[in-house]
Amino acid sequence: RLRREAADYYRGHRVPERMEEALNALFPLCPEDLYGELANYLSKFSKAPAICKLAGRKVFDGVGQPTLEVEIYCTVKNYEKRICSTVMATHSQIPENASPETIEADEKERNVSVHTAVEWVNESLSTILRDLEPTDQCQADKMLGEYFANKVEEKKEIEKQEEGQEGKEKKEEEEAAKVVPAPALHPSAPASKPKKGGKGKKGLVEVKPIPPAEPAKPVLCGSLAIGGTSLAIAKAGATIRHVPLYLHTALLKHAQETPKEMTLPLPMVTLLNCEKNSPTKLKLVKEVMLIPPAELSFKQGIERVLDIQKEMTRLLESPGKTPGPQTDSKRGKAQKSLAPTLKGISRLGCLTTGYDSLEQLLLQMQIACNNIDLELGTDMYLALNCAAHELMDYGKEKYEILTGTFKSPDEMVAMYVEMINKFPFIIALIDPLRKEDREQWSSICCALGSKCYLIAEDAATQISKLKTDQNINIAMCSGIVLKYINQTKVSDLIELTRILDGQRHITILGSPDGESSDESLVDLAVGLGARFLKLGGLSRGERVAKYNRLLAIEEELAANGALR
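This section reports on the structure supplied with the text. Note that the coordinates shown come from a computational prediction; the quantities given were computed from them, not determined experimentally. (Residues numbered from 1 in each chain as written. Predicted model: local features only at pLDDT ≥ 70, side-chain atom pairs only at ≥ 80, totals over all residues. Heavy atoms only, no water.)

## A few points about a nonpolar patch on the surface
Here comes step 1: On the surface, a cluster of nonpolar side chains totalling about 450 Å² of accessible area is made up of Tyr9, Tyr10, Val15, Met19 and Leu23.
Here comes step 2: Going through the elements one at a time, helix H1 (2-12) and helix H2 (15-26) are the ones with two or more residues in the nonpolar patch.
Here comes step 3: The greatest single-element share of the nonpolar patch, amounting to three residues, is contributed by H2.
Here comes step 4: Mapped onto the fold, Tyr10 is located in helix H1. (Patch = residues over 30% accessible without salt bridge, like charges linked within 9 Å, V, L, I, M, F, W, Y side chains within 5 Å. Areas by Shrake-Rupley, 256 points an atom, 1.4 Å probe, with all protein chains shown as cover. Salt bridge = Lys/Arg side-chain N within 4 Å of Asp/Glu carboxyl O. Helix = DSSP H or I, 4+ residues; strand = E, 2+ residues; numbered from the N terminus.)

This is the structure:
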């Protein structure tokens with residue numbers, strides 16, 4: 001009876017038929033490992049791997065801050081198997097000059113957020129995504145999005161209840177006190193009078209106030225779980241399909257059509273980090289980045305960047321040979337200008353220094369390039385990250401570009417126009433203005449849009465907001481920097497890059513401040529067709545690993561004849 005049942009079972013699954021097909025197919029080949037080839041042949045009839053569990057744990061990023069690791073386990077041919085893992089990079093909204101209390105509060109919040117994210121992954125998400133095929137990225141991200149939306153609503157409901165309770169207690173206190181404040185007897189301020197001109201009276205010039213800073217959107221505690229799980233599923237899908245992550249990402253973006261050729265993004269390599277809270281005067285520039293010419297291979301471009309970095313290191317370590325005193329032509333006197341010195345390597349993996357003027361910085365860059373027979377504007381180009389949101393003095397309603405030197409938003413536009421005309425080798429400005437200065441964004445794009453890239457990083461706000469409101473500075477800039485952080489999902493990046501491609505804007509994938517050793521960002525940039533890749537410098541292991549990954553992808557695409 002058991003034999004008959006077994007025979008019926010195997011015949012029902014066409015086992016005899018498929019065994020005969022396998023033997024007939026393999027006999028002419030006479031493989032050395034016959035059973036291995038039989039296993040390979042029959043494996044295509046097995047069930048598709050499905051997620052059986054997720055595992056989340058607290059780990060540390062490249063600067064020692066806590067972050068989240070997500071592991072994916074799948075049922076593969078009846079066995080539980082670990083497929084892959086991903087470590088999320090972390091992004092801090094705390095400015096450089098934050099108080100110790102603010103930094104301490106941020107660290108506590110980060111620890112709580114990572115702890116919550118680990119709970120979400122190990123409990124809720126592991127259950128929700130069980131039995132889902134990791135190749136179904138759209139469905140996975142849809143489920144993750146719904147889960148996150150529910151968490152947001154739960155948070156709002158809790159806050160609403162807390163506000164209601166606080167309001168009730170306050171009302172009770174007021175009724176109990178019943179204190180009526182006495183009317184103020186202070187004299188009113190005198191009305192301002194217009195100044196008299198040379199002839200007659202001139203009306204007051206009305207100064208338009210600057211738009212106030214938009215409050216930072218709060219990050220939901222635990223949101224790292226969403227981004228980490230989405231990326232881990234994408235990596236698992238690529239592993240199961242036996243393709244690299246960059247190709248898997250391209251297939252997701254292009255509706256499973258394999259691209260004939262792929263283009264590598266141009267690297268924006270951070271050479272200098274100019275500390276805005278340093279004793280030196282220049283505050284306008286936060287990062288100086290090198291962009292190799294497009295006609296060079298990635299390998300050639302990186303080698304050229306390293307040559308410049310070595311020469312800049314030499315100049316900064318011997319400040320006596322670098323530009324120092326500058327002449328004030330109006331007074332005919334020499335102004336003392338401190339020669340820039342090397343202060344170390346920043347968390348961005350680049351040289352940390354400071355300058356007293358933009359001209360001093362750019363002159364030293366030109367000297368470094370000339371010393372190794374390179375010319376800025378031909379053999380290498382510059383991009384400046386101004387991080388303008390960190391420059392605004394809200395008391396004066398002006399940007400502090402140098403210590404004690406302030407400019408209005410309109411004056412900033414005029415300054416940038418003069419800068420680019422004077423230094424045409426600067427081909428990109430990142431965050432030249434705050435995101436709130438929309439009129440000036442429009443003005444600077446009209447004036448400089450054909451001469452250099454005007455890129456929004458902080459000014460681009462969150463990816464989730466960009467998807468719902470595509471008018472946020474996108475129409476007024478050349479492109480935006482996208483960062484894979486918090487609740488960002490792979491499908492979000494795919495959707496937003498499609499929007500940017502359709503509007504003929506460029507995409508830059510950027511590395512957050514707290515980078516991890518995970519190299520997935522590079523694959524995402526290649527698969528999404530990003531124009532630039534902003535990874536930081538070439539002096540920290542977690543960042544250099546990404547540049548090495550891009551080198552490997554270039555070799556692989558070239559070997560397959562798929563490198564455009």
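After that view of the structure, there is still more to cover.
## Regarding empty space enclosed by the protein
Here comes step 1: Evaluated as defined, the whole model comprises one cavity of 30 Å³ or more.
Here comes step 2: Broken down by secondary-structure element, the contributors of at least two residues to the lining of the largest cavity are strand E3 (79-87) and helix H14 (520-528).
Here comes step 3: The dominant element in the lining of the largest cavity, judged by the number of residues it contributes, is H14, at three residues.
Here comes step 4: Tallied by class, the residues present in the lining of the largest cavity amount to eight nonpolar, four polar and four charged.
Here comes step 5: Of the residues that make up the lining of the largest cavity, three or more belong to each of domain 2 (49-158 + 219-242) and domain 3 (244-317 + 342-560). (1 Å grid on protein atoms, 1.4 Å probe; cavity = no way out; pocket = protein on both sides within 12 Å on 5 of 7 lines; lining within 4 Å. Points joined across faces, edges and corners; volume = space filled by probe spheres on them. Nonpolar A, V, L, I, M, F, W, Y, C, P; charged D, E, K, R; others polar. Domains from an automatic or database assignment.)

## So, the sheet that holds E3
Here comes step 1: Here we have three strands laid out as an open sheet, ordered E1-E2-E3, and antiparallel in their pairing. Edge positions in the sheet fall to strand E1 (50-60) and E3, since each of these pairs with one other strand and no more. With direction set aside, neighbouring strand axes in the sheet form an average angle of 25°.
Here comes step 2: Bridge analysis of strand E2 (residues 66-76) against E3 gives eight bridges, and the strand direction is antiparallel. (Pairing = 2+ DSSP bridges. Axes fitted to C-alpha atoms, helices over the stretch in contact; angles between N-to-C directions.)

## Structural notes on the side chain of Asp141
Here comes step 1: If you trace the backbone, Asp141 turns up in helix H5 (residues 137-177).
Here comes step 2: Among buried charged residues, Asp141 stands out as having no salt bridge; its nearest opposite-charge side chain is Lys489, 6.4 Å away.
Here comes step 3: Not counting residues up to four positions away in its chain, the partners in contact with Asp141 are Ser230, Lys489, Val490 and Ser491. (Buried < 20%, exposed > 50% of the residue type's maximum accessible area, 1.4 Å probe, protein only. Lys, Arg positive; Asp, Glu negative; His and termini not counted. Contact = heavy atoms within 4.5 Å.)

## Brief notes about the nonpolar core
Here comes step 1: In terms of nonpolar packing, the biggest core is built from 123 residues, with Leu272, Leu284, Met312, Met365, Tyr416, Ile426 and Leu429 touching the most fellow members.
Here comes step 2: The element best represented in this core is helix H6 (residues 224-240), accounting for ten residues.
Here comes step 3: Built from parts of two domains, this core gets at least three residues from each of domain 2 (49-158 + 219-242) and domain 3 (244-317 + 342-560).
Here comes step 4: The contacts of Met365, once residues within four sequence positions are left out, are Leu271, Leu272, Val288, Leu290, Met312, Leu376 and Leu382.
Here comes step 5: Among the nonpolar cores identified, the runner-up in size contains 13 residues, and Leu266, Ile291, Ile455 and Ile506 belong to it. (Core = buried A, V, L, I, M, F, W, Y, C linked by side-chain atoms within 4.5 Å.)

## Looking at unusual backbone geometry
Here comes step 1: The phi dihedral of Arg14 falls on the positive side, at around 60°, and the residue is not glycine.
Here comes step 2: Position of Arg14 among the secondary structure elements: in the loop between H1 and H2.
Here comes step 3: Residue Arg14 is classed as partly exposed on the basis of its relative accessible area of 38%.
Here comes step 4: Despite not being glycine, His242 shows a phi value in the positive range, around 60°.
Here comes step 5: Within the secondary structure, His242 is located in the loop between H6 and helix H7 (245-253).

## Concerning the sheet that holds strand E11 (residues 392-393)
Here comes step 1: In space, the three strands of this open sheet follow the order E11-E12-E13, with antiparallel pairing throughout. The open sheet has two edge strands, E11 and strand E13 (405-407), and neither has a second partner.
Here comes step 2: Lying over the sheet, helix H10 (residues 409-422) contacts strand E12 (398-402) and E13, oriented at roughly 100° with respect to E13.

## A few points about the pattern of salt bridges
Here comes step 1: Taken as a whole, this structure holds 28 salt bridges when the rule is applied.
Here comes step 2: The shortest N-O distance in the salt bridge between Glu311 and Arg314 comes to 2.5 Å. Linking Glu311 with Arg314, this pair stays in helix H8 (residues 298-317), spanning three residues, or about one helical turn.
Here comes step 3: Among the residues examined, Glu311 registers a relative accessible area of 9% and is labelled buried.
Here comes step 4: Lys396 is the partner of Asp393 in a salt bridge, and the nearest nitrogen-oxygen pair spans 4.0 Å.
Here comes step 5: Judged by relative accessible area, which is 24%, Asp393 ranks as partly exposed.
Here comes step 6: Residues joined in a network through salt bridges with shared partners are Arg57, Glu69, Glu71 and Arg82.

## Side note on the packing of aromatic side chains
Here comes step 1: Throughout the structure, instances matching the rule amount to five aromatic pairs.
Here comes step 2: With a centroid separation of 5.4 Å and an interplanar angle of 80°, the aromatic rings of Tyr453 and Phe532 are classed as edge-to-face. One end of the pair, Tyr453, is in strand E15 (residues 453-456); the other, Phe532, is in strand E18 (residues 532-536), with 79 residues separating them in the sequence.
Here comes step 3: Using a relative accessible area of 22% as the deciding quantity, one classes Tyr453 as partly exposed.
Here comes step 4: Overall, the relative accessible area of 1% leaves Phe532 in the buried class.
Here comes step 5: A cation sits over an aromatic face here: Lys44 above Tyr41, 4.4 Å from the ring centre. (Phe/Tyr/Trp six-rings, centres within 6.5 Å; stacked < 30°, edge-to-face > 60°. Lys NZ or Arg CZ within 6 Å of the ring centre and 35° of its normal.)

## A short note on H10
Residues spaced three or four apart along an α-helix face the same direction, because each turn holds 3.6 residues.
Here comes step 1: Between its first and last C-alpha atoms H10 spans 20 Å; for 14 residues at 1.5 Å apiece the expected length is 20 Å, and the two agree.
Here comes step 2: Taken together, the buried positions of H10 are occupied by Pro409, Met412, Val413, Met415, Tyr416, Met419 and Ile420. Viewed along the axis of H10, the buried residues span an arc of 165°, placing them on a single side of the element. Turned more than 90 degrees away from the buried face of H10, the exposed residues are Asp410, Glu418 and Lys422.
Here comes step 3: Structurally, H10 contributes buried residues whose contacts are with helix H9 (358-371), strand E10 (381-385), E12, E13, strand E14 (426-430) and helix H11 (438-448). (Expected span 1.5 Å × (residues − 1). Arc of directions from axis to C-beta.)

## Regarding the side chain of Ser85
Here comes step 1: Relative to the assigned elements, Ser85 resides in strand E3.
Here comes step 2: At 3.3 Å, the side chain of Ser85 forms a polar contact with the side chain of Glu69.
Here comes step 3: Setting aside anything within four residues of it in sequence, one finds Ser85 in contact with Glu69, Val70, Glu71, Lys235 and Asp518. (Polar contact = N/O pair within 3.5 Å; in protein donor to acceptor, adjacent residues only side chain to side chain.)

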